[in-house]
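# An overview of the molecular structure
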Amino acid sequence: MIRLLPLLALALAGCGEGARGPVEAAGPTIVSLNPCTDAILAEVAAPGQLLAISHYSKDPSSSSMTPQDAARYRATGGTVEEVLALDPDVVVASTFLAPATRAALEDLGLRVVTFGGTATVEDSLAQVRELATLAGDPAAGERLVEEIEAALLEAEGQGEPVEAALWQPGGIVPGEASLVSDLLRRTGFSSYATARGMAQADYLSLEQVVADPPQVLFVAGSETGQRHPVLAGVEGMRQERFDTRLLYCGGPTILRAVRFLQLGRERAS
């Protein structure tokens, strides 16, 4: 395999944040440039396999990993030089990876595998299995899948669904074809937005919430309207803060999201 700039590579390899000592891995070594795959690989890869995670996972305000888990790994900004310094067998990235970056990595002999977002629980479980297989340990993927399925079964909503609106950053609502909407349905909520003909990324105003409130308002944003004191006095509506870190990724993030939604459903009953 061609390797360029050996001195720079060695320097970069040694200065990674949260770096661990070398551990010989049984499967292929991996660098993840995707915050969603970071969290899954941290669960299914063997010690020493995951050489680095994306820098996004080091930001506690947006990471799908706990700070303690993220601290176990180096972080990379995703440049070709940084990845090359780590000398992985496989680079896992988002489908939005720049074509020029992908071409450069592949020209250097690195295998690049990309993953898109997941719109349903089934999509996410398939992604867990695919990443575990890529890491060489399908059984680890099955263990995580079984844990997620058990959590979903336990949190399954009983009785009439509770109408809920999820107010995301920017004041928008999620579409029905999104993982968080699937989780809301599975935990006993019905969609306020869908019942009113709203689609993905439609804007939900403060005025509409006050005039036509849902039973539960999950607030995941910090717009002026989303923090307005009038919300506390809306009759018949329960307001809950929704952690933005639970919005976008699947895998182990589903476990935390389901537990949160299960408690929210119980409080609303």
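For the structure, see preceding data.
Overview of the structure. This one's a predicted model, so the numbers in the text were calculated from it and none came from an experiment. (Residues numbered from 1 in each chain as written. Predicted model: local features only at pLDDT ≥ 70, side-chain atom pairs only at ≥ 80, totals over all residues. Heavy atoms only, no water.)

### Topic: the overall build of the protein chain
Our working rule: Helix and strand assignments follow DSSP, with helices taken as H or I runs no shorter than four residues and strands as E runs no shorter than two, numbered in order from the N terminus. Each residue is assigned to one of three classes by its accessible area relative to the maximum for its type, calculated with a 1.4 Å probe on protein chains only: buried under 20%, partly exposed between the two thresholds, exposed over 50%. In what follows, residue pairs with any heavy atoms lying within 4.5 Å of each other are defined as contacts. To be clear on the numbers: accessible area is Shrake-Rupley with a 1.4 Å probe, and residue cover counts the displayed protein chains and nothing else. Positive residues here are Lys and Arg, negative ones are Asp and Glu, while His and the chain termini are left out of the count. Where a charge lies is defined by one atom per residue type: Lys uses NZ, Arg uses CZ, Asp uses CG and Glu uses CD.
Looking only at helices and strands, the protein chain has eleven helices and nine strands in total. Along the longest, intermediate and shortest principal axes, the C-alpha atoms of the protein chain span 65 × 35 × 30 Å. In the protein chain, which comprises 269 residues, the share counted as buried stands at 48%. Restricting the contact set of the protein chain to residue pairs at least 6 apart, pairs at least 24 apart contribute 62%. With an accessible surface of roughly 12,800 Å², the protein chain has 55% of that area assigned to carbon and sulfur atoms. Averaging the coordinates of the 20 positive side-chain charges in the protein chain and doing the same for the 34 negative ones gives two points 4 Å apart.

### Observations regarding the sheet that holds strand E2 (residues 50–54)
In plain terms, the rule: Strand pairing follows a simple DSSP-based rule, namely that at least 2 bridges must link the two strands. Here an angle of 0 to 180 degrees is reported between the N-to-C directions of two axes, which are lines fitted to C-alpha atoms, with helices fitted over the stretch in contact.
The strand order across the open sheet formed by five strands is E3-E2-E1-E4-E5, and the pairing between neighbours is parallel. The open sheet has two edge strands, strand E3 (74–76) and strand E5 (111–115), and neither has a second partner. Taken over all neighbouring pairs, the strand axes of this sheet differ in orientation by 25° on average, direction set aside. One ladder, built from three bridges, connects strand E1 (residues 30–32) with strand E4 (residues 90–94); its direction is parallel.

### A short note on empty space enclosed by the protein
Selection criterion: A 1.4 Å probe that fits into a set of points on a 1 Å grid over the protein atoms alone but cannot get out defines a cavity; an open set with protein on both sides within 12 Å along at least five of seven lines defines a pocket, and lining residues are those with an atom within 4 Å of a point. Grid points are joined across faces, edges and corners, and a volume is the space filled by probe spheres set on the points.
Taken as a whole, this structure holds two cavities of 30 Å³ or more when the rule is applied. Roughly 110 Å³ of volume is contained in the largest cavity. What lines the largest cavity is a set of 14 residues, among which Ala164, Glu176, Ser181, Leu184 and Ser191 lie closest to the centre. Of all the secondary-structure elements, those providing two or more residues to the lining of the largest cavity are strand E6 (162–167), helix H8 (179–186), strand E7 (189–191) and helix H9 (192–195).

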